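Structural overview
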Amino acid sequence: MTPIVGHRKLLALLEQTVINGVPAHAYLFTGPEGIGKQLVAGQFARWLNCPDLGHDERTECSSCRRIQQGNHPDVILEKPDKGRIRIDRIRAIQSFFVYAPVEGRFRVCVIDDAHTMNRPAQNALLKTLEEPPAGRILILITSTPSLLLPTVRSRCRRIRFGALPAAVLATLLHEKGIPAERAAVLAAMSAGSVSRAVQMNALDFFELREKMISALTDPGARGISGLLELSGDLSKDRHSATDSLEMALTLLRDLMLTAVTPHASGVVHGDFLDRMNAAAQHLSADTILSLYDEVVRASELIQSEINVNRNLVMDVLLLRISRTVGGPTLGIGASAR
Ligand SMILES: [Zn+2]
């Protein structure tokens, strides 16, 4: 069973609900993507039906094991198909709720990414929420509750999940085999989301970071053509563009910190501290702040406009950074390697 990291208070609350024997008929689990909401929902479903509640998390009873495997007659999981949960799936849930529990105490349906229910699906679900049959429990999971109808939200008991603290996340990533230094950077960059951190680790995140750091600290080394090439790499899709700008912001924040206090604690890219210290020496706080503004502006442009030419925005940004930090000039005859 995948161990659940963090969320101890929420788990204790849910366990107590089960022990008291009066769970709500519907729950809404909200919080950032990739922090284990579905794992907690699974644990809750197991507790709700476990015949031997006191058993150790590691020793499994048959009921818990089958729920975990998706093989229990009283627990089902719905998730989006091609990005949507449509009304026929809600009807299937309603049919599932027609019957009383076969083996366990409750029929439980977990709807993951509940915000992908389209309007007709949400309206259909509303009927179940308005007249909840006894012994049935609905658990909606979403990172964007604002996409749910207010009437759906208000009929569920809200359970808010916080992001995992960076230190907890770093330990977890390290346990997954990621070297400690890398794990610390990923944890600081991924807003407390395990899945986001793992994804970033799989992508060429560190390679991009290396490039971004040299663009910021030593743009002259790459030459104009090098910068434009980097710009192309960074803006090849929307995700890499927003990720690399996000990265640039944390780098600039680090630069700011080290400019004020060399060897400051709380820097994200600690493994680049020496290079940043060296760069920060000839950059004034004002310069770093103006670069920060430039990156924020580029990031807003790329995020708000679907049709924006990302590559062009990135070109302009990197050339501006380069000019500010003191890289190659744009004049005729500039050496473009
Ligand atoms: Zn059990």
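What counts as what
Residues numbered from 1 in each chain as written. Predicted model: local features only at pLDDT ≥ 70, side-chain atom pairs only at ≥ 80, totals over all residues. Heavy atoms only, no water. Helix = DSSP H or I, 4+ residues; strand = E, 2+ residues; numbered from the N terminus. Buried < 20%, exposed > 50% of the residue type's maximum accessible area, 1.4 Å probe, protein only. Contact = heavy atoms within 4.5 Å. Areas by Shrake-Rupley, 256 points an atom, 1.4 Å probe, with all protein chains shown as cover. Lys, Arg positive; Asp, Glu negative; His and termini not counted. Charge placed at Lys NZ, Arg CZ, Asp CG, Glu CD. Salt bridge = Lys/Arg side-chain N within 4 Å of Asp/Glu carboxyl O. Pairing = 2+ DSSP bridges. Right-handed = clockwise from strand over helix to strand, strands pointing away. Arc of directions from axis to C-beta. Domains from an automatic or database assignment. Core = buried A, V, L, I, M, F, W, Y, C linked by side-chain atoms within 4.5 Å. Axes fitted to C-alpha atoms, helices over the stretch in contact; angles between N-to-C directions. Phe/Tyr/Trp six-rings, centres within 6.5 Å; stacked < 30°, edge-to-face > 60°.

1. Notes on the overall build of the protein chain
- Of regular secondary structure, the protein chain possesses 15 helices and five strands.
- For the protein chain, the residues scored as buried account for 47% of the 337 residues in total.
- Put simply, of all contacts in the protein chain between residues at least 6 apart along the chain, 72% involve residues at least 24 apart.
- Summing over all exposed atoms, the protein chain offers an accessible surface of approximately 16800 Å²; the carbon and sulfur share of this is 53%.
- Within the protein chain, one finds 38 positive and 35 negative side-chain charges whose respective centroids are separated by 7 Å.

2. Topic: the environment of Met-189
- Note that Met-189 resides in helix H8 (residues 180-189).
- Note: C-alpha distance between Met-189 and His-269 (80 residues apart in sequence) is 9.3 Å.
- In this structure, Met-189 is in contact with Met-200, Phe-205, Glu-246, Met-247, Thr-250, Val-268 and His-269, ignoring residues within four places of it in sequence.

3. Comments concerning the pattern of salt bridges
- The full count for this structure, using the stated rule, is eleven salt bridges.
- A salt bridge links Arg-107 to Asp-74; the shortest N-O distance between them is 3.1 Å. In this pair, Arg-107 is assigned in strand S3 (residues 107-111) and Asp-74 in the loop between helix H3 (62-68) and strand S2 (75-78), connecting sequence segments 33 residues apart.
- Under the relative-accessibility criterion, Arg-107 is labelled buried at 6%.
- One salt-bridge network, in which partners are shared between bridges, spans Glu-207, Lys-211 and Asp-233.

4. Observations concerning the pairing of S2
- Strand direction decides the pairing type here: S2 and S3, joined by four bridges, are parallel. Note on S3: the bridge partner recorded for Glu-78 is Ile-111.
- Remark: the S2/helix H4 (residues 87-98)/S3 crossover connection has right-handed handedness.

5. Examining helix H13 (residues 273-281)
- Three or more residues of H13 are buried, namely Leu-273, Met-276, Asn-277, Ala-279 and Ala-280. Taken end-on, H13 shows its buried residues confined to a sector of 165°, consistent with a single buried face. Set apart from the buried face of H13 by more than 90 degrees, the exposed residues are Asp-274 and Gln-281.
- Of the surrounding elements, those touching the buried residues of H13 are helix H10 (205-217) and helix H12 (238-260).

6. Details of the domain arrangement of the protein chain
- Parsing the protein chain into structural domains produces domain 1 (8-160) and domain 2 (203-325).
- Domain 1 and domain 2 are separated by 42 Å when their C-alpha centres are compared.

7. Notes on the nonpolar core
- One finds Leu-173, Leu-186, Phe-205 and Leu-255 to be the most contacted residues of the largest nonpolar core, which totals 54 residues.
- The leading source of residues in this core is H12, at eight residues.
- Residues Leu-10, Ala-41, Phe-44 and Ile-159 belong to the second largest nonpolar core, which totals 25 residues.

8. Some points on the sheet that holds S3
- The strand order across the open sheet built from five strands is S2-S3-S4-S1-S5, with neighbouring strands paired in parallel fashion. Lying at the two open borders of the sheet, with one neighbouring strand each, are S2 and strand S5 (157-160). The mean angle between the axes of side-by-side strands here comes to 20°, regardless of whether they run parallel or antiparallel.
- Looking at chain direction, strand S1 (residues 26-30) and S5 are connected through four bridges and run parallel. Residue pairing for S5: Tyr-27 is matched across the bridge by Arg-157.

9. Let's talk about the packing of aromatic side chains
- Evaluated as defined, the whole model comprises four aromatic pairs.
- Centre to centre, the rings of Phe-205 and Phe-206 are 4.9 Å apart; their planes meet at 85°, and the pair counts as edge-to-face.
- The class for Phe-205 is buried, based on a relative accessible area of 5%.

10. Overview of unusual backbone geometry
- At Lys-82, a position not held by glycine, the phi torsion is positive, near 50°.
- With respect to the helices and strands, Lys-82 occurs in the loop between S2 and H4.
- Assessed through its relative accessible area of 75%, Lys-82 is described here as exposed.
- Notably, Asp-113 is not glycine yet its phi reads approximately 50°, a positive angle.
- Of note, Asp-113 is situated in the loop between S3 and helix H5 (119-130).

11. Some points on the environment of Gly-54
- Looking at the secondary structure, you find Gly-54 in the loop between helix H2 (37-49) and H3.
- The exposure class assigned to Gly-54 is exposed, which follows from its relative accessible area of 72%.
- With 35 residues separating them along the chain, Gly-54 and Ile-19 place their C-alpha atoms 9.8 Å apart.

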